[in-house]
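# Per-entry structural report
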Amino acid sequence: MIKALAPFAVFLVSACSVLPEQVPVDLFQLPAPNVQAASAGPRLSTLRIDRALSSEALSGSRLLIMTADNQLQAFPNMRLAAPVPLLWRDWLLDAFWRDGRVGGLSAASEGLQSELELGGTLRAFQVDYTGPQAAAVIQYDATLIGTDGSQIVASRRFEARQALHTVEGASAIAAMGLAADRVAGELIEWVIQQGQPPAR
């Protein structure tokens with residue numbers, strides 16, 4: 001019986017030796033929002049933030065590269081900690097928390113009541129090599145909705161580019177974080193202002 005199994009064992013060993021070695025993959029999270037707590041100004045009582053809509057290409061957990069011929073490629077040997085739309089929503093929640101001007105924040109998936117909801121479409125979240133210098137690019141079409149009647153309160157496009165000096169995962173993520181901070185700075189002010197009740 002042992003002699004009969006010996007050729008099978010040799011086959012298994014030889015088969016394992018030709019399998020490709022797994023390439024190590026680095027897992028990245030966006031840097032924490034660089035948002036300072038606001039001490040004065042208008043405030044909102046409640047806001048919930050929805051997961052952003054996106055193209056199929058941006059729906060996964062790969063950081064993409066837009067090449068000079070407008071092809072989208074995945075950044076090699078790295079993954080994001082969550083799918084891009086979910087990563088963006090959670091990062092925005094953190095940014096609003098740090099700002100402190102919204103009394104009650106929640107994710108739309110929690111199903112909690114709120115006067116306003118921030119949603120939108122993430123048009124770009126990638127490293128762009130189409131220009132003279134590589135850059136991290138975020139483009140977010142934000143929509144602020146009144147939840148009592150699902151009417152659109154306001155909508156606006158927010159976009160930021162941050163130059164990228166070295167082509168590596170950590171540098172790309174750092175540049176994405178700086179671009180995200182610039183978007184958040186404008187977005188938070190816009191939401192607070194647009195969410196104020198109309199003057200009587």
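Before reading on, note that the structure itself is shown above.
Because the structure is predicted, anything quoted here is derived from the model rather than measured.

### Looking at the layout of surface pockets
- Within this model, the largest pocket holds a volume of roughly 210 Å³.
- What lines the largest pocket is a set of 15 residues, and nearest its centre among them are Glu115, Leu116, Gly146, Val153 and Gly195.
- When contributions to the lining of the largest pocket are tallied by element, the ones reaching two or more residues are strand E2 (44-49) and strand E10 (151-163).
- With three residues, E2 is the single largest residue contributor to the lining of the largest pocket.
- Of the residues contributing to the lining of the largest pocket, the split by class is four nonpolar, eight polar and three charged.

### With respect to the packing of aromatic side chains
- Scanning all chains against the criterion turns up four aromatic pairs.
- With centroids separated by 6.3 Å and ring planes inclined at 65°, the aromatic side chains of Trp88 and Phe125 adopt a geometry described as edge-to-face. With Trp88 in helix H2 (residues 84-99) and Phe125 in strand E8 (residues 116-128), the pair connects residues that are 37 residues apart, well separated along the chain. Summarising the burial analysis for this pair, Trp88 and Phe125 share the class buried.
- Put simply, the rings of Trp88, Trp91, Phe125 and Tyr140 touch in pairs and so form one group of aromatic residues.

### Observations regarding the pairing of E8
- In terms of burial, E8 is largely enclosed, as twelve of its 13 residues are buried.
- Where E2 meets E8, two bridges bridge the pair, whose relative direction is parallel. Counted as the bridge partner of Ile49 is Leu118 from E8.
- Bridge count for strand E3 (residues 53-54) against E8 is two bridges, and the pairing is parallel. Note on E8: the bridge partner recorded for Ser54 is Leu122.
- Across three bridges, the pairing between strand E4 (residues 64-66) and E8 is parallel. Paired with Leu64 across the two strands is Gln126, which belongs to E8.
- Both E8 and strand E9 (residues 135-146) contribute to a ladder of twelve bridges, which runs antiparallel. By the bridge assignment for E9, Phe125 is matched with Ile138.
- Hairpin connection of E8 to E9: six residues between the antiparallel strands.

Basis of the calculations
Residues numbered from 1 in each chain as written. Predicted model: local features only at pLDDT ≥ 70, side-chain atom pairs only at ≥ 80, totals over all residues. Heavy atoms only, no water. 1 Å grid on protein atoms, 1.4 Å probe; cavity = no way out; pocket = protein on both sides within 12 Å on 5 of 7 lines; lining within 4 Å. Points joined across faces, edges and corners; volume = space filled by probe spheres on them. Helix = DSSP H or I, 4+ residues; strand = E, 2+ residues; numbered from the N terminus. Nonpolar A, V, L, I, M, F, W, Y, C, P; charged D, E, K, R; others polar. Phe/Tyr/Trp six-rings, centres within 6.5 Å; stacked < 30°, edge-to-face > 60°. Buried < 20%, exposed > 50% of the residue type's maximum accessible area, 1.4 Å probe, protein only. Pairing = 2+ DSSP bridges.

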